[in-house]
Amino acid sequence: MLSTEGVLESGDQPCIQLEPLKSTHLPGKATPTGGSRAVSVENSPKVTANGVHDIEDRILRITGYYGYNPGYSSHRREDGSESRPETPGSDTSIESQSYQTCGNTVLKVLGGLLMVLCVSSSWVGTTQVVKLTFQSFSCPFFISWFSSNWNIFFFPIYYSGHVFTTGEKQTPIQKFRECSKLFGEDGMTLKLFVKRTAPFSILWTLTNYLYLLALKKLTATDVSALYCCHKAFVFLLSWIVLKDRFMGVRIVAAIMAITGIVMMAYADGFHGDSFVGVALAVGSASTSALYKVLFKMFLGSANLGEVAHFISTMGFFNLIFISCVPLILYFTRVEHLGSLSSLPWGYLFGLAGLWLVFNILVHVGVVLTYPILISIGTLLSVPGNAAVDVLKHEVIFSVVRLAATCIICLGFLLLLLPEEWDSVTLRFFANIADKKSEEHGEELTESSGQTRSRSRANGTVSIPLA
């Protein structure tokens, strides 16, 4: 309310004075306190040059604007600072985080694809070098023992990469002791060293030895395809021993793997080197599956450093305790080594190096990329070996062997499906159906709008029926 009372009596020049608002109660509207309340002059905002600040504050107070604080209008305050509504600065941060997440995902996928190529190439190279080594040196257990000794270099390689990437100043002994907590809080003792390492080292040696024996009987393509059955055996053992979730599709994949094994054995009849080679390859896949299930049972929560420590420990165990086996085989004339100068050291060093690279890529790739990509890299070794066998060794595959290989590979791919694949698939098809229904509704709306426009243009009026 404007008031001019007493202005002329004082003799001063007339001016306009804003009177404080007596009540914020609006007619016909109850106040939050149940009645009208007076606003004191001290608490009322001061008048600005144009009076807009004071009027806007009163309007906001009268209307009960939610979250309003006196003196915080959209215009300039008394101190000359511009009062602006608070805009959340999280929008920019959310966008930057989304871009960073997308970039990390793309890099991870690209790194995974590169890892797939490296894993497949190293495994194909290992298998083919074994075949070349057998042409002049037929001692599979010595080859397996010599290659397994190279696992000792796993932890030094991990330590070098860890120091290079993180810049930590831990000594190798300190890092080794830190990773030895895998054996317990007290670290690694002689008893734990033998108790934990012996079963895994024996399974590791059996897997490699049976794989090499199978390569003496079958082609590299057949052995690599049969070795892929270890994925089905891992599922069956995990379901029985670890009580993993039952999945019907994985049971189907396991049945397909067994079917492929039977077809592979039947390709040349259930006799001769073919049947023995299939049995050896299946034995290698079985021991590999048992190794992985036991590793998951006892050391499932291990990180990359602890895994590198454990594999290097197995290399030490192999060098110390299993070195007697090649000597026994040599003196019993089961494996004739010959003189040291006659050994194909080039093939042996190349084979051991490729095998070590394959093991490092498998364990590092699981941490840096997606585990499914590492499994795909192992599967791609089958067509890789097939290409080498056809182009270099001129191997001709029978229809039964090709069918068995395809069935085993298809079962391997089914085993890679995630546990929630069925719900994800149903949700995907439901989204597609919803999109189609929305598009159909939009088409109907557009067609009805076009019909109405045409009827109006023709002067006709459509009357809806009751």
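The residue numbering used here restarts from 1 in each chain and proceeds along that chain's sequence as written. A pLDDT threshold of at least 70 governs which residues receive local features in this predicted model, and a stricter bar of 80 or more applies before side-chain atom pairs are shown or counted, although totals over entire chains, interfaces and linings include all residues. With hydrogens and water stripped out, all remaining heavy atoms of the structure feed into the side-chain values.

Looking at an unreviewed UniProt entry, one finds the protein chain named EamA domain-containing protein, with Poecilia mexicana as its source organism.

### Here's the deal with the packing of helix 6 (residues 190–217) against helix 7 (residues 220–227)
Our working definition: Note on method: axes are straight lines fitted to C-alpha atoms, helices fitted across the in-contact stretch only, with angles between N-to-C directions ranging 0 to 180 degrees. Segments assigned H or I by DSSP are reported as helices when at least four residues long, segments assigned E as strands when at least two residues long, and all are numbered from the N terminus. The crossing is said to be left-handed when, going from far helix to near helix, the turn is anticlockwise and less than a right angle, and right-handed when the turn is clockwise. The contact rule is simple, with two residues in contact once any of their heavy atoms fall within 4.5 Å. All amino acids are sorted into three groups, where Ala, Val, Leu, Ile, Met, Phe, Trp, Tyr, Cys and Pro are nonpolar, Asp, Glu, Lys and Arg are charged, and the leftover types, Gly among them, are polar.
Contact geometry of helix 6 with helix 7 gives a least axis separation of 9 Å together with a crossing angle of 145 degrees. Crossing of helix 6 over helix 7 shows right-handed handedness. Taken together, the residues of helix 7 that come into contact with helix 6 (itself represented by T207, Y211, A214 and L215) are A220, V223, S224 and Y227. Looking at the contact of helix 6 with helix 7, its residues break down into six nonpolar, two polar and no charged.

### Some remarks on the environment of L212
Cut-off, in case you're wondering: Partly exposed describes any residue whose relative accessible area lies between the buried limit of under 20% and the exposed limit of over 50%, with all areas from a 1.4 Å probe on protein chains only and scaled to the type maximum.
With respect to the helices and strands, the residue L212 is situated in helix 6. Residue class for L212 comes out buried when judged on its relative accessible area of 0%. Discounting chain neighbours no more than four positions away, the residues touching L212 are V130, F134, P140, I143, S144 and W355.

### Observations regarding the side chain of N385
As for its position among the elements, N385 is in helix 15 (residues 381–391). For N385, a relative accessible area of 0% puts it in the buried group. Each residue touching N385, except ones within four places of it in the same chain, is listed here: V124, T127, Q128, A220, T221 and S224.

### Brief notes about a nonpolar patch on the surface
As a reminder of what qualifies: Each patch is built from residues that are more than 30% exposed by relative accessible area and take part in no salt bridge. Like charges join if they lie within 9 Å; nonpolar side chains (Val, Leu, Ile, Met, Phe, Trp, Tyr) join within 5 Å. Only the protein chains shown count as covering a residue, and every accessible area follows the Shrake-Rupley method with a 1.4 Å probe. Just to be clear on terms, a salt bridge is a Lys or Arg side-chain nitrogen sitting within 4 Å of an Asp or Glu carboxyl oxygen.
Residues V106, L107, V109, L110, L113, Y370 and I372 make up a contiguous nonpolar surface patch of roughly 620 Å² in combined accessible area. Broken down by element, the nonpolar patch gets its largest block of residues, five residues, from helix 2 (residues 90–134). Within the element layout of this structure, Y370 appears in the loop between helix 13 (345–368) and helix 14 (371–379).

### A look at the pattern of salt bridges
Within the structure shown, the criterion is met by two salt bridges. Salt-bridge contacts for K175 lead to E178; the nearest nitrogen and oxygen are separated by 3.8 Å. Here E178 and K175 lie together in helix 5 (residues 172–179), a separation of three residues that amounts to about one turn. A relative accessible area of 6% means that K175 is categorised as buried. On the accessibility criterion, E178 (36% relative accessible area) is partly exposed. Between D222 and R401 there is a salt bridge whose closest N-O contact spans 2.8 Å. Placement of D222 in helix 7 and of R401 in helix 16 (residues 399–415) is noted, with a sequence separation of 179 residues between them. The two residues D222 and R401 agree in class, both being buried.

### Observations regarding unusual backbone geometry
Positive phi outside glycine occurs at R333, with the angle close to 60 degrees. Position of R333 among the secondary structure elements: in the loop between helix 12 (324–331) and helix 13. In this structure, E394 takes a positive phi of about 55 degrees despite not being glycine. Positionally, E394 belongs in the loop between helix 15 and helix 16.

### Notes on the side chain of H162
On the secondary structure map, H162 appears in helix 4 (residues 154–166). If we ignore the near neighbours within four places in the chain, the residues touching H162 are G167, E168 and K175.

### Considerations on the layout of surface pockets
Rule in force here: Using protein atoms alone on a 1 Å grid, points that fit a 1.4 Å probe yet trap it form a cavity, whereas open point sets bounded by protein on both sides within 12 Å along at least five of seven lines form a pocket; residues with an atom within 4 Å of a point count as lining. Grid points are joined across faces, edges and corners, and a volume is the space filled by probe spheres set on the points.
Approximately 1500 Å³ is the volume attributed to the largest pocket. K231, K292, V362, V366 and S375 are, among the 46 residues lining the largest pocket, the residues nearest its centre. Only helix 6, helix 8 (230–240), helix 10 (272–299), helix 11 (304–321), helix 13, helix 14 and helix 16 provide two or more residues apiece to the lining of the largest pocket. Looking at the lining of the largest pocket residue by residue, the classes come out as 27 nonpolar, 12 polar and seven charged.

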